[in-house]
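In case you want the letters, here they are:
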Amino acid sequence: MSRLYDTVEPAVVDDEMLKKAVEEQGPKDEAGRIAKQEGIDYWDVLSLRLDFRNILKIDNLWQFKELTKLQLDNNIIEKIEGLDALVNLRWLDLSFNNIEVIEGLNHLSKLEDLTLFNNRISRLENMDSLSALHVLSLGNNKVNQLDNLIYLRRFQNLRTLNLSGNPVCEDPGYKLFTVAYLSHLVYLDFRLIDEETRQKAHSLYENKLGELMHNEQQARSALLEEKRKAKELESHKEAYVEFLNGPNLFDAMYKEDPEGNKLSMLPGIQDILKEFREKFVDFCYKIFEYGTKEYDRRSHEVKEFNSCMDDAKHENKKMATEHIDKFENYKKKLFSELLTSNDPDIQEQKVSEYNSEVSQLWDTVMGFEMQLVDQLEETIKDFERNLTDMMSQFVEHVQGLISQLRDLENVHNEKLLEMCMLVLEKVVKNEMSEELPEDLRMLFVDKDTIVNAIGASHDVHLVKIDNREDEIVTRSSGWISSLMQSIHRAECLRNRQRVIEISNFVEHLRDEIDSFDLSEVVRA
Amino acid sequence: MDIIPEDGLEETQEEVKDLEEKLNGIQLETISVTVIKQPAIDKPDFSEYPESYKENTNKEKLILAYAENFRRQYVHLFRDRKPLFLNPLNECGIEKFVCTTLRPTLLPFKELYHWLGCAEFVSDYITMDQLDPPAELPLQLHSPSTILERQLGNCFDFSNILCSLLLGAGYDAYVVSGYATKEVCLSDESRDICPLLNTKPEVKKEEDKKAAGKYSVKPPRDLRSKFIIKMEARRKKEEEDQKDKERMEEEARVAELEKPPPDLLYGLRIHSWVLIRGGKREVPEDFFIEPFTGRSYSPQNQSFLGIESIWNHNNYWANMQDCSNGCKDMSFDLNDTTKWEYMLVGADRSTLDIPNVEEELYDLEDDEKDNEDDKHLDMPAPWVRPINVTEKQNETRCPSGKKTILYKKAKLEKYSNYLMKDGLVKRLSVYENNELTTLKKVQEWFGNREDKLTMRLHEGGVVTEDFVEGRQRSLKQHVYKANFPGSETDRTMTFYDNARVDGLSKRDESAIEMTEHFINRDDFLYYRHVLFDKRQKKVAPATAEGLPRPILKITEKFHRNKELPANDDIAEQMFILSEDKVQITYHREDANISASTRDFFKPPNAEEKGGNLQWAPDMTSTFQVNQHKLPTKNLTVYEDLIRLIQVEQSSIQAVRNSEEEVREILADRQKEEIASELAISVYDTERNEKAKKHRKELERLAMEEKLRRQEMEMDYLAPFLAQIGNPEKISRNQAFKLKEDCLSDLKQRLIDKANLIQLRFERETSELHKKQLEYQQKQVVMTKEDEEQYFNYCSEAMFRIHILELRLNRHKQMAPHKYMQLEQKLRQDPRLSVYF
């Protein structure tokens, strides 16, 4: 759109341009001198202006991670791109460009002010993640669908909207429609929305709005419900008993079992199957309940452990900081004394006293750390032991329950076998009163076939149950080992950092007296 | 019996003694009985009392007969007990039953709804009069209204009023007649510690230690020798025991010294006080109120030696319990007939149980039956006038508004509100010794002060002043040395921090230091400490305000601002002005034990250069805790420095402002102390002069308005209209005639009046003339007195004549005006104006 620059070559945002812009817009005077000397890092820049530069393509902005304000107005940009790294952006100006489609804004969830004035946009879309949007300027574009404005309803914080200069504004109902559907708006097309308009719009669109709101409400609650369920499932998974509170396992057993399904067509088997299913599901539910209970116990245990660890660390820190504070006071006093006294002997004595104090401080603080390490190590061991006990108890119990499942399956299998034998006899003797389905009759050709079929079904079932058991065992042991590993690693890291910190600090203290001495000498 | 005459003698002597004692006992009884029946009249004028004071109704006579019967039975059964206080005489010499002298009253004052307030009011308002003789019941019991009028009464009068007020406020209160120690009977508190000094030791809140969790770390092993610790503990305990013992001995010695001298009449002194039984008004257990002092005692207190009887407005109980051990083991379960003998049957039911609704309904049906079954005598209505206390009486309290109480090593003076010019209401002086000669501390309480001062304490040369909220600079407490009231001296000011914009809660000062504490500030500042240098001694004596003290160092401490990373959040900044140095300590990260620090060395006169400061790398030194982090950029450090230079200036300004504020507060205090004005509530109609004036003004205006309206309403046409029969409409002729008549009538009246004055004038002159003639004739024989009389008459007559003359002249002048006025009015009269 910027005719002025038609003669100039279209540009791409490149490093050179950025460097120049940053330098230009950086600090001034003495601060500017320092900045220049030192160089400005792109990730420190908070605001950047790239206007009137005939830019066609946005690029190379990935380093500006902290950027909150970006001006790209009055260029010839046709496509919004390359902004995905600027997650902290709050203020984006893309006015006076040649953009046709809103896109590429999905990562800018902190965006509050978006200006797309004077572009070629015809549709409002692709802005779902801009939940913080406060001001939206879309004037002089090609938005032509009134219904499209309903898209803006999702922005709860939107207060200011500018659509003037769009074809849609010529619609006679445009203003009232917008006011009615976007009830949070305060300013529309540069004007404050007065109470009268608001009421008029509200009364005009009351019915439609009510319906819309109802639908939205339902969608929202459905979403919430879904989230809740997902969360629940997550916690069940952590308890290793997901889907055990229903017939899921049972259904899975029969799903991969063609023979079993065929056999279930047998007359008179329905009742047995139903009973079996009921009992099976019942046991599954027992496992589920036990599992969640144990999970609660475990998480409580972990929580308690964590809080105790935190307490211990806090206590230890308090002791250490007390000593350090005391030392700091001593240091201040000593330094001021050193300043006032001129006698080199006394100074010498003071310095050596200081050095011994520093060593002593090191001893004390290090002692605290060693003490803490011992204490924590012991506690962690206790915790590991308890948790392992708890887990093995859990696994044993679950295994017991699962073997009961297996027994159920066995009993069912026997019953089935018995029944099949009876049916087989009847089939052989041709005494079968009712007709069997074709594929089922295929099984009843001789004894071997039917026994094999039943055996296969039984095996499938047992394998399913075994698999579930294995899953619980492996996952639980995996959890413990990973948890303990992370605890050990964190403790190790903490200890190392603390030791480094202490030695660093003590070194600094020693440096201080040295440099102090030096300055004294220089002055003398 | 000559063989052992001495023994015999002794025996007889003992006998005699015994007899004497017995006789004495009998005598006492007979005397007191007869005394009751003697009508002792000391005040013959009863006209001001209502009828109920002067005679008994039939019912009262009946109850008196009941009482007499009760008394007779009592005397018969318990020959060796003292008589009961049943029916003393009232101020008109009429026998009245004690229960009917109680009149439950709730007075319209907030503080009199609680027993403490009632007790304090009674003890303050009435002056105490001791019983005479102290071991005998008084003959008279005055009605409460009389006592409140006289402001003088004995213990029975006190208890009577107090009990009436308490019953009115809903307490289960009783008047007790019994025996007490001399100190209590004479209201001698000089052996008691002043209740104001008896501050309760603050209950230390036991910090509920968090229950040790399952995984709490084990404490490091204690490597000290257990034996040594044990020995040490034992040694300490011994020392403490020794000290305790010494202290106990000392205390015992002092107590022995301070013990009151033995009282001859111990156990015989009659006293009356009030018992409040637990149950009503959330009173948990029984206790006594001593009416002279208004203090409460537990029934176990050793000052109360025995109880003869108790009563309230419903019933009378005689004590059946042994009092040889004081009131310690007494039970106040009045329904237990083995312990308390009641006088009226069935009168005390209400004190028993809380009736629930259903029962009550049932009772209602029952009641009628009950009443028919056995009609008990219930208590007649009280004969006394209602107790009435005006607002002013309640406020003035003590007779003439002043009262002084002596306590052990302390003196308490009470003044009523607005009595003292400086608003003093209470002054407690504490002395070192029992003779009250060396002053230890003085505590004064004030009320209604314009400057909101409530308390001032002088102790050991230090003055503490407390203020209530609402002062201009929200001062709460001011502690300073009495000898150095000026600024820049040792003082501590506490403020109401939530009323101040800067959240200042406390400011400590000394000659070279000032410490300020803040609460709830947006910039997280909570502490500022300033170190001043001594003023440079100039040749000329520098004025205090002229040159501010040079500042050596300012230290400011901040709370953690959670929005910033700890490493960038300043915990303490120290401006060392004397060295041009700024030291900054940052907050610690959660995981760290050391804190990052940064020192700046300012170039001289940095603040003048502002933003154009030249940067050099040696202007700062940094210690960074986290070594893995990149060092802060020079640019940031430079910006920090610029910012700090500004902050330093504003901190200095803040310090100067603080100093200024201190000076202003001190100046204000001085002014206020000189003025010592008292604040008067806008609702106080008695004292608020302005409001009073305003009200008077309003009344006056209303009065004038009323007069004016009356005048307006006088209709001069009425008589003439009446003459023509009050027609609805007035014709033109009639109107003219009316006007004419009216005017001529006025004219006539004006002339008549002039004539009247003329006539009087003439009469006076002729009279005077006659007298003169007479005088001239008799002048020679006249006595001096007659002559005097004549001259007097003359001067008076002359005066009268002169006045008449003046009046006539004035009338002549005014008459045309009046005529014109009336004419004008008639012209404007709505009824006539149509025609003119």
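An unreviewed UniProt entry lists chain B under the name Dynein regulatory complex subunit 7, with Clavelina lepadiformis given as the organism. Turning to chain B, the UniProt annotation filed under Subcellular location (unreviewed entry) states: "Cytoplasm, Cytoskeleton, Flagellum axoneme". Under the UniProt heading Sequence similarities (unreviewed entry), the note attached to chain B is "Belongs to the DRC7 family."

A.B. asks: For this particular structure, what's the right way to read helix α9 (residues 226-258) of chain B?
C.D. replies: Counting along an α-helix, one turn takes 3.6 residues, and residues three or four places apart therefore face a common direction. The terminal C-alpha atoms of α9(B), which comprises 33 residues, lie 47 Å apart, in line with the 48 Å expected from a rise of 1.5 Å per residue. With a side-chain oxygen lying 3.3 Å from the backbone nitrogen of Phe227(B), the N-terminal cap of α9(B) falls on Ser225(B).

A.B. asks: Sorry, what's going on with the sheet that holds strand β8 (residues 160-162) of chain A here?
C.D. replies: Within a beta sheet, neighbouring strands are joined by backbone hydrogen bonds and run either parallel or antiparallel to one another. Residue and element names in this part refer to chain A. Read from one edge of the open sheet, eight strands run β2-β4-β5-β6-β7-β8-β9-β10, paired in mixed fashion. Lying at the two open borders of the sheet, with one neighbouring strand each, are β2 (47-49) and β10 (191-192). Bridge analysis of strand β4 (residues 69-71) against strand β5 (residues 91-93) gives three bridges, and the strand direction is parallel. Note on β5: the bridge partner recorded for Lys69 is Trp91.

A.B. asks: How should I be thinking about the packing of aromatic side chains in this particular structure?
C.D. replies: A ring pair, where both rings are aromatic, is described by two values, the distance of the centres and the angle of the planes. All told, the structure shown has 39 aromatic pairs over all chains when counted by the stated rule. When the centroid spacing of 5.8 Å and the interplanar angle of 45° are considered together, the rings of Phe327(A) and Tyr354(A) count as tilted. Here the residue Phe327(A) occupies a position in helix α8 (residues 269-340), and Tyr354(A) occupies one in helix α9 (residues 344-429), the gap between them amounting to 27 residues. Here Phe327(A) matches Tyr354(A) in class, with each residue buried. Considering the side-chain rings of Phe158(B) and Phe292(B), the 4.8 Å spacing of their centres and the 85° angle between planes classify their relative orientation as edge-to-face. Highlighted residues: Phe158(B) in helix α7 (residues 155-168) and Phe292(B) in the loop between β5 (287-290) and β6 (295-297), separated in sequence by 134 residues. Judged on exposure class, the residue Phe158(B) and its partner Phe292(B) are both buried. In textbook terms, an aromatic cluster arises when at least three aromatic residues are bridged by ring pairs, as seen for Phe70(B), Phe85(B), Phe97(B), Phe156(B), Trp311(B) and Tyr316(B). Taking NZ or CZ as reference, Arg449(B) lies 5.0 Å from the ring centre of Phe446(B), over its face. Its end group placed over the ring of Phe495(B), Arg500(B) keeps NZ or CZ at 4.6 Å from the ring centre.

A.B. asks: Even after reading the chapter, I still don't get the interface of chain B and chain A, so can you show me in this structure?
C.D. replies: On the side of chain A, 40 residues touch chain B, which itself brings 33 residues to the contact. Of the roughly 3,000 Å² buried between chain B and chain A on both sides combined, carbon and sulfur atoms contribute 54%. By the criterion of area lost to chain A, the three top residues of chain B are Tyr215(B), Ile593(B) and Lys633(B), representing 28% of everything that side buries. Our count for the chain B to chain A interface comes out at two salt bridges. The partner of Lys332(A) in a salt bridge is Glu572(B), with the nearest N and O atoms 3.8 Å apart. For the interface between chain B and chain A, the tally reads six residue pairs in polar contact (both at pLDDT 80 or more).

A.B. asks: Looking at this model, I keep getting lost on the environment of Asn452(A). Mind explaining?
C.D. replies: Residues and elements named next belong to chain A. Structurally, Asn452 can be placed in helix α11 (residues 447-523). By relative accessible area, Asn452 is classed as exposed at 55%. As for Asn452 and Glu259, which are separated by 193 residues in sequence, their C-alpha atoms are 9.5 Å apart.

Parameters and conventions
Residues numbered from 1 in each chain as written. Chains lettered and ligands numbered in written order. Predicted model: local features only at pLDDT ≥ 70, side-chain atom pairs only at ≥ 80, totals over all residues. Heavy atoms only, no water. UniProt positions renumbered as here; feature names shortened; annotations may be inferred. Helix = DSSP H or I, 4+ residues; strand = E, 2+ residues; numbered from the N terminus. Expected span 1.5 Å × (residues − 1). Polar contact = N/O pair within 3.5 Å; in protein donor to acceptor, adjacent residues only side chain to side chain. Pairing = 2+ DSSP bridges. Phe/Tyr/Trp six-rings, centres within 6.5 Å; stacked < 30°, edge-to-face > 60°. Buried < 20%, exposed > 50% of the residue type's maximum accessible area, 1.4 Å probe, protein only. Lys NZ or Arg CZ within 6 Å of the ring centre and 35° of its normal. Contact = heavy atoms within 4.5 Å. Buried area = accessible area lost by both parts, 1.4 Å probe. Salt bridge = Lys/Arg side-chain N within 4 Å of Asp/Glu carboxyl O.

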